[in-house]
Amino acid sequence: WMKRRHDFHVEKDWIVPTPGVVTAFHLAVEAYTKKEESVLVLTPVYYPFYRAIKNNGRRMVRMPLDLKDNQYTLDYKAFETKIIEENVKMMIFCNPHNPVGRVWTREELERVAEICLKYNVTWMVDEMHCDFIFPGHTFTSCMNLDEKYRQILALYSSPGKTFNVAGLQPANIIIPNEELRKKYQWANTQA
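Below or above, wherever it landed, is the structure these notes cover. Owing to the predicted nature of the structure, the values given are computational and were not obtained by experimental measurement.

1. A word on the packing of helix α2 (residues 21–32) against helix α6 (residues 178–190)
- Between α2 and α6, the least distance of the axes is 8 Å, while the angle of their chain directions is 115°. In this structure, the crossing between α2 and α6 has a hand that is right-handed. The residues of α6 that touch α2, namely those facing Ala24, Leu27, Ala28, Glu30, Ala31 and Tyr32, are Leu180, Arg181, Lys183, Tyr184, Trp186, Ala187 and Asn188.
- Looking at the contact of α2 with α6, its residues break down into nine nonpolar, one polar and three charged.

Structure representation (structure tokens):
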């Protein structure tokens, strides 16, 4: 599906099944951060992101999106400054953004990825809504970016929205980096 629809290959070993994406957010926050460490979200954002951070005893760092000319944008300089000043260890990111529907361009994704890589910020990317793109927009998966970004990437996917089976809680986490994958698998066994 990912190769045919979104032009990227997934190795079988990279896939970690999970009982729903929301559960996976909680497990990943536990796996990739320690108590009181900072996790950044772009706001407004899907409310379970807040719960995953708060319920795990982490510090939430909010980075507000700017609404300009009827489109949400990210101030990359302020974003990088916030990562430095708040000592951010992880970012939960929506691609496309939920709830504002912002479809990020390849260039925008690369700028976010480059900043996260520079400061070793684990980049959790929710791409659940990737199959719902209005005409005139092009979805780019974070897996389509340079392979170097896969070292910090944990990609969340689910057929739940695409095939209207969300009640079944199907989800996969695609984690190319073996160390990140093992940390997530460990947290999954502790749940």
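2. Focus: the sheet that holds strand β2 (residues 38–43)
- On the basis of which strands lie adjacent, the open sheet formed by seven strands has the order β1-β9-β8-β7-β6-β2-β3 and mixed pairing. In the strand order of this sheet, the two ends are held by β1 (15–17) and β3 (59–64), each with one partner. Ignoring which end each strand starts from, the neighbouring axes of this sheet average 25° apart.
- Of the pairings in the sheet, the one linking β2 to strand β6 (residues 88–94) comprises four bridges and is parallel in character. Among the inter-strand pairings, Val39 is bridged to a residue of β6, identified as Met90.
- Each of β6, β7 (122–126), β8 (153–157) and β9 (172–174) is contacted by α2, which is oriented at about 165° to β8, the strand it contacts most.
- In the packing of α6 onto the sheet, the strands contacted are β1, β7, β8 and β9, and the crossing angle to β1 comes to about 10°.

3. Overview of the nonpolar core
- Counting 32 residues, the largest nonpolar core has Phe79, Met91 and Trp123 as its most contacted members.
- For this core, the secondary structure elements donating two or more residues are β2, β3, α4 (76–85), β6, α5 (106–118), β7 and β8.
- A total of five residues in this core trace back to one element, the largest contributor, which is α5.
- Val41, Ala52, Ile92 and Ile173 belong to the second-largest nonpolar core, a separate cluster that totals 28 residues.

4. With respect to the pattern of salt bridges
- On inspection of all chains with the given rule, the structure shows seven salt bridges.
- Here Lys148 and Glu114 are joined by a salt bridge, their closest N and O atoms 3.3 Å apart. A residue pair is termed long-range when its members are at least 10 positions apart, and Lys148 in the loop between β7 and β8 and Glu114 in helix α5 qualify at 34 residues.
- Since its relative accessible area comes to 38%, Lys148 is described here as partly exposed.
- Of the residues examined, Glu114 reaches a relative accessible area of 34% and is grouped as partly exposed.
- In this structure, Lys183 and Glu179 form a salt bridge, with 3.8 Å as the shortest nitrogen-oxygen distance. You can see Lys183 and its partner Glu179 sitting in helix α6, four residues apart, about one turn around the helix.

5. What to know about the packing of aromatic side chains
- Taken as a whole and assessed by the stated rule, the structure comprises six aromatic pairs.
- Pairing Phe25 with Tyr156 gives two aromatic rings, centres 5.4 Å apart and planes at 50°, and the pair type is tilted. Placement of the pair is Phe25 in helix α2 and Tyr156 in strand β8, with a sequence separation of 131 residues. The two residues Phe25 and Tyr156 agree in class, both being buried.
- Through successive ring pairs, a cluster of aromatic residues spans Phe25, Tyr46, Tyr47, Phe49 and Tyr156.

Parameters at a glance
- Residues numbered from 1 in each chain as written.
- Predicted model: local features only at pLDDT ≥ 70, side-chain atom pairs only at ≥ 80, totals over all residues.
- Heavy atoms only, no water.
- Axes fitted to C-alpha atoms, helices over the stretch in contact; angles between N-to-C directions.
- Helix = DSSP H or I, 4+ residues; strand = E, 2+ residues; numbered from the N terminus.
- Left-handed = near helix turned anticlockwise from the far one by under 90°.
- Contact = heavy atoms within 4.5 Å.
- Nonpolar A, V, L, I, M, F, W, Y, C, P; charged D, E, K, R; others polar.
- Pairing = 2+ DSSP bridges.
- Core = buried A, V, L, I, M, F, W, Y, C linked by side-chain atoms within 4.5 Å.
- Buried < 20%, exposed > 50% of the residue type's maximum accessible area, 1.4 Å probe, protein only.
- Salt bridge = Lys/Arg side-chain N within 4 Å of Asp/Glu carboxyl O.
- Phe/Tyr/Trp six-rings, centres within 6.5 Å; stacked < 30°, edge-to-face > 60°.

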